[in-house]
Amino acid sequence: MQFIIPINEVVDGGSQTCHVVETGSINPRVNKRKLQTYFLGQGVPRAQLKRVMKAFGFWGKALKGVKTDETTESVTPTP
């Protein structure tokens, strides 16, 4: 499953930088752990992980992928 994390805002019709975190799983626990590892690597303090993940919409049902035939679709909300 892929999670798309926007890094900057679009300014004057410019481009937006996004990081893509590929978890390779539809298991919510695995997805949460890999996202936590990503955010810790980006400098988010451990005490703020839950707040940051909720702000990006990566909480609850958003961590569970949808299995369809051969592909896994992301349910990542768009801000």
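Residues numbered from 1 in each chain as written. Predicted model: local features only at pLDDT ≥ 70, side-chain atom pairs only at ≥ 80, totals over all residues. Heavy atoms only, no water.

**A few points about helix H1 (residues 28–41)**
A rise of 1.5 Å per residue sets the reference length of H1, with its 14 residues, at 20 Å; its end C-alpha atoms lie 20 Å apart and thus fit the reference within 8%. Buried residues of H1: Val30, Asn31, Leu35, Tyr38 and Phe39, and no others. Along the long axis of H1, the arc covered by the buried residues comes to 165°, so they all point the same way. Exposed and oriented more than 90 degrees from the buried face of H1 are Arg29, Thr37 and Gly41. Its buried side turned inward, H1 meets strand E1 (2–6), strand E2 (18–22) and helix H2 (49–55). Two to three positions downstream of the cap, the backbone nitrogen of Arg29 sits 2.9 Å from a side-chain oxygen, assigning the N-cap of H1 to Asn27. Remark: Gly43 follows H1 within two positions and exhibits a positive phi of approximately 100°. (Helix = DSSP H or I, 4+ residues; strand = E, 2+ residues; numbered from the N terminus. Expected span 1.5 Å × (residues − 1). Buried < 20%, exposed > 50% of the residue type's maximum accessible area, 1.4 Å probe, protein only. Arc of directions from axis to C-beta. Contact = heavy atoms within 4.5 Å. Polar contact = N/O pair within 3.5 Å; in protein donor to acceptor, adjacent residues only side chain to side chain.)

**A closer look at unusual backbone geometry**
One non-glycine residue, Asp12, adopts positive backbone phi at about 50°. Along the chain, Asp12 turns up in the loop between E1 and E2.

**Considerations on the packing of aromatic side chains**
The final tally for this structure, using the stated rule, is four aromatic pairs. With 5.2 Å between their ring centres and 80° between their planes, Phe3 and Phe58 make a pair best called edge-to-face. Of this pair, Phe3 sits in strand E1 while Phe58 sits in the loop between H2 and strand E3 (66–68); the two residues are 55 residues apart in sequence, bridging distant segments of the chain. Here the aromatic cluster, defined as three or more aromatic residues joined through ring pairs, consists of Phe3, Tyr38, Phe39, Phe56 and Phe58. (Phe/Tyr/Trp six-rings, centres within 6.5 Å; stacked < 30°, edge-to-face > 60°.)

**Brief notes about the confidence of the model for the protein chain**
Per-residue pLDDT for the protein chain averages 83, and the proportion of residues at 70 or more is 82%. Mean pLDDT values for the elements of the protein chain range from 50 in strand E4 (residues 71–73) up to 94 in H1. (pLDDT = per-residue confidence, 0-100.)

**Describing the side chain of Ser25**
With respect to the helices and strands, Ser25 occurs in the loop between E2 and H1. At a separation of 2.9 Å, a polar atom in the side chain of Ser25 contacts the main-chain amide nitrogen of Asn27. The contact partners of Ser25, leaving out residues within four places of it in the chain, are Met1, Val30 and Asn31.

**Overview of the nonpolar core**
One recurring pattern in soluble globular proteins is that nonpolar side chains are buried together. Formed by 13 residues in total, the largest nonpolar core has its most connected members in Phe3, Ile5, Val21, Leu35, Phe39 and Phe58. Put simply, the parts of the chain that give this core at least two residues each are E1, H1 and H2. (Core = buried A, V, L, I, M, F, W, Y, C linked by side-chain atoms within 4.5 Å.)

**A word on the side chain of Thr23**
Following the sequence through the fold, Thr23 ends up in the loop between E2 and H1. There is a polar contact of 2.6 Å between the side chain of Thr23 and the side chain of Asn31. When sequence neighbours within four positions are dropped, the list of residues in contact with Thr23 reads Met1, Phe3, Asn31 and Lys34.

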